[in-house]
Amino acid sequence: MFDFKGGVEFSKKHEQYGEVITDRARAVEVFDLLVKENERRLALFREVGAKNLKEYNQKSSQKLVRIGVFVDEIAEMLDAQGATQGDKDLINRLWGANSTLARMSRATAINLIFGVQRPDAKILPGQIKNNLPVRISGRFADKPASQIVLGTTDAFDLPDVKGRFLFKVGADITQFQAYLFDDDTMLKPVARPVEAGTLLPELGGQPTRSIASNAEPPEEDPWEDAPTEKAPQKPDNLLSGFNFEFD
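My aim in this report is to walk through the structure given alongside it, one point at a time. (Residues numbered from 1 in each chain as written. Predicted model: local features only at pLDDT ≥ 70, side-chain atom pairs only at ≥ 80, totals over all residues. Heavy atoms only, no water.)

Moving on to the environment of arginine 118. Examined against the element boundaries, arginine 118 turns out to sit in the loop between β3 (110-115) and α5 (126-129). For arginine 118 and alanine 75, which are 43 residues apart along the polypeptide, the C-alpha to C-alpha distance reads 7.2 Å. If near-sequence neighbours (up to four positions away) are discounted, arginine 118 is found in contact with Glu73, Ala75, Glu76 and Asp79. (Helix = DSSP H or I, 4+ residues; strand = E, 2+ residues; numbered from the N terminus. Contact = heavy atoms within 4.5 Å.)

Next comes the structure, spelled out in structure tokens:
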């Protein structure tokens, strides 16, 4: 989870689900790892003749799981206006990593979820935007913002009703009324809370910043008593070992 609003959207409560990143330097480290993980998965898919995660998990005993990459706010993370030269270098690296993942990581199930309040064509260029097949938008006060997110002005014409949104997949747009979800209701304690940074393997080196690489299972095995419909295999690293079924 990347929170460039100072860590107030993804609060301390969210850290039981994964690492919350609030600075560009750490974001670059993690996005570099995601690009390497994407390359590793593509190589694994080629070995077994799979085109996507579901096929790979059906053909291989070494299961992979989806990786969710949540960024709020993407415009703040990639906006170079007023940035120092050092930050501009970091932003350029983030641009490259996001573009690569947007183009190539859908089949490998590294899923990008971007939040943006002030869409800008310079922040969300076609190379990234056109590779985001699903878009959800609330009402915009101006047509250009709607055009950037949806490719139409429908969000400008949306009724001014709290919770009213548009859902776009491909060329199809559906208007819907959303539920109100609040953190106190939705953020339930998990049986196996993660430690910050433990969901990505650092490839080709020793673990840093608590990122596990082929980690040994702890003395008290957290998989032993976990309530699952299918008993997962013990992983060789923390991205494998889950026997989940995916569409």
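Attention shifts here to helix α4 (residues 85-104). Helix length check: α4, at 20 residues, gives a terminal C-alpha distance of 29 Å against a target of 28 Å (1.5 Å per residue), a fit within 8%. Of the residues making up α4, those classed as buried are Leu90, Ile91, Leu94, Ala97, Asn98, Ser99, Leu101 and Ala102. Each element contacted by the buried residues of α4 is listed here: α1 (24-48), α3 (74-78), β3 and α5. (Expected span 1.5 Å × (residues − 1). Buried < 20%, exposed > 50% of the residue type's maximum accessible area, 1.4 Å probe, protein only.)

Right, let's get into the sheet that holds strand β4 (residues 134-137). Hydrogen bonding along the main chain pairs the strands of a sheet, whether they run parallel or antiparallel. Spatial strand order, β4-β5-β6: three strands in an open sheet with antiparallel pairing. With partners counted over all chains shown, the strands left at the sheet margins are β4 and β6 (172-177), one partner each. Between one strand and the next, the sheet's axes are offset by a mean angle of 20°, whatever the strand orientation. Pairing of strand β5 (residues 164-169) with β6 involves six bridges; the strand directions are antiparallel. What sits directly across from lysine 168, in β6, is isoleucine 173. Packing of helix α6 (residues 143-150) onto the sheet brings it into contact with β4 and β5, and relative to β4 it is tilted by some 155°. (Pairing = 2+ DSSP bridges. Axes fitted to C-alpha atoms, helices over the stretch in contact; angles between N-to-C directions.)

Looking now at the sheet that holds β3. One open sheet holds the three strands; their spatial order is β1-β2-β3, and the pairing between them is parallel. Every other strand in the sheet has two partners, leaving β1 (2-3) and β3 as the edge strands with one partner each. Bridge analysis of β1 against strand β2 (residues 67-72) gives two bridges, and the strand direction is parallel. Residue pairing for β2: phenylalanine 2 is matched across the bridge by valine 71.

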